Structures are given as structure tokens and as C-alpha cells.
Amino acid sequence: MIQLSRWKVILVGLSLVFGLLLAFPNALTPEQRASLPGWLPKNALNLGLDLQGGSYLLLEVDVPAMREKRLTNMAEDVRVSMREARININGIQRDQGGVVVTIAQPSQYDAAFEVVRGLASAGAAGGVQERTAARMSDNRIRYAYTDAALANMGSVAVDQSIEVVRRRIDSLGTREPSITRQGADRIVVQAPGESDPAQLERVIGQTAQLTFQMVDVENTQNWMQTGLVPPDAEVLQGEDGTPYLIKKRILVSGENLTRASVDADQSGRPAIGFRFDGQGARRFAEATAANIGKPFAIILDGKVISAPNIKSAITGGSGIIEGNYTIAEASEMVNLLNGGALPAPLKVEERRTVSAELGADAVKAGGLSTAIGFVIIVIFMLLSYGLLFGGISVIGLILNGILIVAAMSLTQATLTLPGIAGLILTFAVAVDAN
């Protein structure tokens with residue numbers, strides 16, 4: 001007779017008890033699971049998109065638009081820095097991967113080059129030089145991204161976009177979303193159980209670019225009369241349709257945002273509270289101190305949502321954004337800001353919705369196929385090895401299935417149709433082991 005050590009019997013018994021406890025919630029409805037005592041496990045299997053339905057999106061990262069925006073910011077940095085250094089320039093032209101600035105007075109050429117070289121050094125991230133300054137003929141200086149930075153820009157943008165999309169989907173409460181990269185600049189999003197694909201697309205697609213820029217009050221009157229827009233400014237619309245002449249230079253951006261929250265203004269209406277990190281707080285304080293009495297624009301995704309006058313230097317690194325928000329709108333915007341800004345716009349290339357009915361049919365078909373496969377295995381074992389050894393093998397097979405479900409519930413793994421096929425194959429292999 002086979003003798004088993006007591007510790008082995010205890011270990012197997014405990015494994016079985018814990019397996020039953022962890023697998024038990026799968027036999028209950030969501031309401032029944034919610035009513036379980038706090039000390040009991042409540043996690044059940046997550047069903048994949050093909051089993052419970054949901055949304056499928058194929059997104060393309062607009063890398064060229066991101067490059068264009070960065071080159072625009074680069075040109076404006078050069079323009080403003082030259083003006084602050086009192087260096088006259090004849091113009092700034094774009095080229096492949098950078099800008100070329102032409103100095104008006106040859107005597108200022110060396111000083112101008114030092115200014116551009118300082119900008120290139122300030123743009124180094126983590127000690128890696130991403131921008132270069134180079135002398136050219138005819139009093140010209142080229143300020144551009146390095147070849148390595150340009151080649152890596154698209155890949156980094158896709159990686160950052162995946163993380164931002166993941167945080168935004170998590171804020172919706174979607175469980176076990178699948179977000180994967182496809183090709184060089186595409187992202188596949190599968191959100192099981194998401195019943196509103198329009199909301200999913202809206203939340204994912206917004207870039208949530210928050211910037212603080214000055215209103216160009218010096219040229220506003222001339223612009224309103226002549227319609228001529230200065231080269232260092234642009235016209236943006238407010239939420240009420242009012243046009244504003246905005247300086248292109250970004251004082252502080254959402255990259256320095258550490259936290260956003262639903263707040264209230266002085267009238268008790270919903271507003272969006274924000275707080276900057278140390279660098280953002282310092283830049284915000286410097287910008288407000290240098291422009292007291294002037295209006296500055298709070299811009300979200302290219303739209304002016306507020307343009308208050310600066311009454312005093314804001315040194316605390318925090319504030320609120322007022323607007324005609326509802327609680328739902330403010331909450332959605334807070335989720336977007338906390339999730340981070342997309343480095344580049346996203347284009348929806350393909351969208352598919354798997355209905356709940358199709359998901360239910362897939363679950364029913366998968367369950368039926370599993371049951372049929374299990375019954376065939378049981379009949380085969382009993383006919384081949386008799387009631388004793390065949391029965392023992394069948395019992396072991398049942399326990400094996402329970403422990404697999406328990407482990408998947410504990411780790412919150414996602415069960416898909418291929419996963420069900422894998423379970424059937426596992427039962428067949430487990431028979432040989434038993």
C-alpha cells in the first residue's frame with residue numbers, strides 16, 4: 001500500500017481548500033460576489049473581448065504632426081531668445097529636422113551662436129544631447145535635432161502614447177484592457193466590457209495638451225483692424241467662439257503638471273484644480289511676476305478655456321481653471337490631465353464593436369465545447385481503466401480544473417476563446433499525467 005507523508009497530505013488538502021475558495025466566486029453573480037464577507041475572495045475570471053463583448057480600436061500616432069509642433073516651438077524659442085538678447089535677425093526658416101536663423105548684423109554673430117548653443121544644451125534630457133547648434137555661411141546658424149533624436153522620436157512617441165492610453169482606459173474602470181503596438185506607429189486597443197465605444201474613443205483621442213501662454217495685447221488692436229497676424233503669434237478660439245491673439249511661446253505646459261482635481265470656483269461652480277512640479281511652479285511664478293496686469297491664456301487642446309488678467313505673481317505652483325463645466329465634464333477632464341498628455345495626436349484607423357449578444361454566444365459555445373470534451377475524456381478513462389483507477393483519474397482531472405480556475409481568478413487573468421481551447425488541451429494532457 002502506498003504510504004504518503006503527513007505533510008504531503010496536509011499540503012494537498014490546503015491547496016484544495018484554497019483552490020475551492022478562490023474558484024467559488026466564479027459560480028456567483030456580481031451582486032452575490034459583492035455581498036460576500038470581506039475575508040472571502042471576490043475575484044472572478046476576466047472574460048476577454050471575444051467572450052463578453054467590448055470595443056476594438058486601431059489607432060495611428062500622428063508622428064509628423066508632433067514633429068511639426070516641436071519645430072514650431074523650436075523656432076519660437078530662438079525668436080524669443082534672440083529678442084531677449086537684443087540680437088537682430090532677418091528671419092527663421094525651417095529645414096529638415098530644425099531651423100536656420102539668419103543674423104542681421106555680422107558683429108552679433110558670435111553672441112547669437114552662444115545663445116543658440118545654450119538652447120541646445122538646455123534641451124538635453126538625461127545627459128543625452130538631442131539638439132545641436134552649427135555655424136553656417138552667410139551669417140546663418142542652424143539649430144536642429146540630432147539624427148538619432150529624429151530617428152527615435154516616432155518610437156518614443158508611440159511608447160508614451162501606449163502608457164497614456166492605458167492610464168486613461170484605467171480611469172474608466174475597464175478591467176484587463178489589451179493595449180499593444182502594431183507596426184511602427186499604430187496601437188491596437190481592446191477594451192472588454194466597455195459598453196460605450198464612443199466615450200472610449202473620445203477619451204483616448206483627446207490630446208489633453210494643457211499650456212499657459214500670453215495674450216499678445218501689444219498687437220491685438222492692429223490685428224483686429226488689419227487682420228495681420230505677427231509671425232510669433234497665432235489666433236485661437238475661446239470656448240464661446242471669441243478669437244484671441246496668442247503668443248506662440250509656451251510659458252508652462254502640462255508636462256509640469258503633477259496633479260489635477262475637481263475643485264470649485266468662488267461661486268461654487270465646478271472647476272479644475274491643478275498643481276505643478278518644482279520646475280513648473282518656478283516657471284509659472286517667473287512668468288506671472290514679469291507680466292502683472294496682462295492677460296494670459298489657459299489653452300487646452302488648442303482652445304482658450306480662460307484668459308484672466310495676472311493680478312500678482314503666483315508662487316504657490318497651484319490654481320484653478322474656471323469654466324462652464326458640469327461635474328461630469330470636470331471629472332472627465334481631470335482624468336485626462338492626470339493620465340498625461342498625448343505626445344502626438346491619434347487617428348482612429350479602424351473601430352469595431354463586439355456586441356454583448358455575440359459575446360454571450362461565444363461564452364455558451366466555449367462552455368459547451370469544454371463540457372463535451374470533458375465528458376468524452378471521462379467516458380474514455382472509465383472504459384479504459386475501470387471505475388477505480390479511471391475514477392481516481394477523473395477526480396484528479398476535476399481538481400486540476402478547479403486549481404487552474406482558482407489561479408486565473410487570483411491573478412486576474414483574462415479568459416478568451418483560445419484560452420478555452422487551451423483548457424480542453426490541458427485536460428487531455430492532465431489525463432496522461434494522472
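The structure contained in this document is the topic of the report that follows.

Rules of the game
Residues numbered from 1 in each chain as written. Predicted model: local features only at pLDDT ≥ 70, side-chain atom pairs only at ≥ 80, totals over all residues. Heavy atoms only, no water. 1 Å grid on protein atoms, 1.4 Å probe; cavity = no way out; pocket = protein on both sides within 12 Å on 5 of 7 lines; lining within 4 Å. Points joined across faces, edges and corners; volume = space filled by probe spheres on them. Helix = DSSP H or I, 4+ residues; strand = E, 2+ residues; numbered from the N terminus. Nonpolar A, V, L, I, M, F, W, Y, C, P; charged D, E, K, R; others polar. Core = buried A, V, L, I, M, F, W, Y, C linked by side-chain atoms within 4.5 Å. Buried < 20%, exposed > 50% of the residue type's maximum accessible area, 1.4 Å probe, protein only. Phe/Tyr/Trp six-rings, centres within 6.5 Å; stacked < 30°, edge-to-face > 60°. Lys NZ or Arg CZ within 6 Å of the ring centre and 35° of its normal. Salt bridge = Lys/Arg side-chain N within 4 Å of Asp/Glu carboxyl O. Pairing = 2+ DSSP bridges. Axes fitted to C-alpha atoms, helices over the stretch in contact; angles between N-to-C directions. Lys, Arg positive; Asp, Glu negative; His and termini not counted. Polar contact = N/O pair within 3.5 Å; in protein donor to acceptor, adjacent residues only side chain to side chain. Expected span 1.5 Å × (residues − 1). Arc of directions from axis to C-beta. Contact = heavy atoms within 4.5 Å.

Here the focus is empty space enclosed by the protein. Overall, the coordinates contain one cavity of 30 Å³ or more when judged by the stated rule. The volume enclosed by the largest cavity comes to roughly 40 Å³. Forming the walls of the largest cavity are Phe212, Met214, Leu251, Val252, Phe284, Ala287, Thr288, Phe296 and Ile310. With three residues, the top contributor of residues to the lining of the largest cavity is helix α9 (residues 278–290). Looking at the lining of the largest cavity, its residues break down into eight nonpolar, one polar and no charged.

Membership of the largest hydrophobic core comes to 42 residues, with the highest contact counts inside it found for Val189 and Ile204. Within the residue set of this core, elements represented by two or more residues are β2 (54–61), α4 (63–84), β4 (98–103), α5 (109–122), β6 (140–145), α6 (147–171), β8 (186–192) and α7 (197–205). The element contributing the most residues to this core is α6, with nine residues. Core analysis: the next-biggest nonpolar cluster, separate from the first, contains 24 residues, Leu210, Met214, Phe276 and Ile321 among them.

This part covers the packing of aromatic side chains. Where two aromatic rings form a pair, the distance of their centres and the angle of their planes describe that pair. If you walk through the whole model with that rule in mind, you get five aromatic pairs. Arranged with centres 6.2 Å apart and planes meeting at 25°, the rings of phenylalanine 212 and phenylalanine 296 form a pair that is stacked. Residue phenylalanine 212 is found in strand β9 (residues 210–214), and its partner phenylalanine 296 is found in strand β15 (residues 296–300); the two are separated by 84 residues along the sequence. Under the relative-accessibility criterion, phenylalanine 212 is labelled buried at 1%. The interplanar angle of 70° and the centroid separation of 6.1 Å between the aromatic rings of phenylalanine 284 and phenylalanine 296 together place this pair among those described as edge-to-face. On the criterion of sequence distance, the pair formed by phenylalanine 284 in helix α9 and phenylalanine 296 in strand β15 is long-range, its members being 12 residues apart. Grouping residues by exposure puts phenylalanine 284 and phenylalanine 296 together as buried. Within the aromatic cluster, the residues linked to one another by ring pairs are Phe212, Phe276, Phe284 and Phe296. Of note, arginine 135 hangs over the ring of phenylalanine 113, and the distance from its end group to the ring centre comes to 4.2 Å.

The tally for this structure, following the rule as stated, stands at 11 salt bridges. A salt bridge links glutamate 68 to arginine 94; the nearest nitrogen and oxygen atoms lie 2.8 Å apart. Placement of glutamate 68 in helix α4 and of arginine 94 in strand β3 (residues 89–95) is noted, with a sequence separation of 26 residues between them. Classification of arginine 94 by relative accessible area gives partly exposed; the value is 39%. Among the charged side chains, a salt-bridge network with shared partners connects Glu218, Lys247 and Lys294.

Turning next to the sheet that holds strand β16 (residues 303–306). One open sheet accounts for four strands, arranged β12-β9-β15-β16; its pairing is antiparallel. With partners counted over all chains shown, the strands left at the sheet margins are β12 (252–253) and β16, one partner each.

The strand order β3-β4-β6-β5 describes an open sheet built from four strands, whose pairing is antiparallel. Each having just a single partner strand, β3 and β5 (131–136) make up the two edges of the open sheet. Within this sheet the neighbouring strands show an average axis-to-axis angle of 20°, counted without direction. Sheet topology note: the β3/β4 ladder contains six bridges and is antiparallel. Residue glycine 91 lies in a different strand from β4, and its bridge partner there is threonine 102.

Once that is clear, we can look at the side chain of arginine 131. Mapped onto the elements, arginine 131 comes out in strand β5. Within the buried core, arginine 131 has no salt-bridge partner, and the shortest N-O distance to an opposite charge, that of aspartate 77, equals 4.7 Å. A distance of 3.1 Å separates a polar atom in the side chain of arginine 131 from a polar atom in the side chain of tyrosine 143.

Under the 1.5 Å per step criterion, the end-to-end length of α9 is 18 Å for 13 residues, consistent within 8% with the ideal 18 Å. Considered for burial, the residues of α9 that qualify are Gly280, Ala281, Phe284, Ala285, Ala287 and Thr288. Down the axis of α9, the smallest arc covering the buried residues is 170°, so these residues share one side. Turned more than 90 degrees from where α9 packs its buried face, Glu286 and Ala290 sit exposed. Buried-residue contacts for α9 involve β9, β12, β14 (270–276) and β15.

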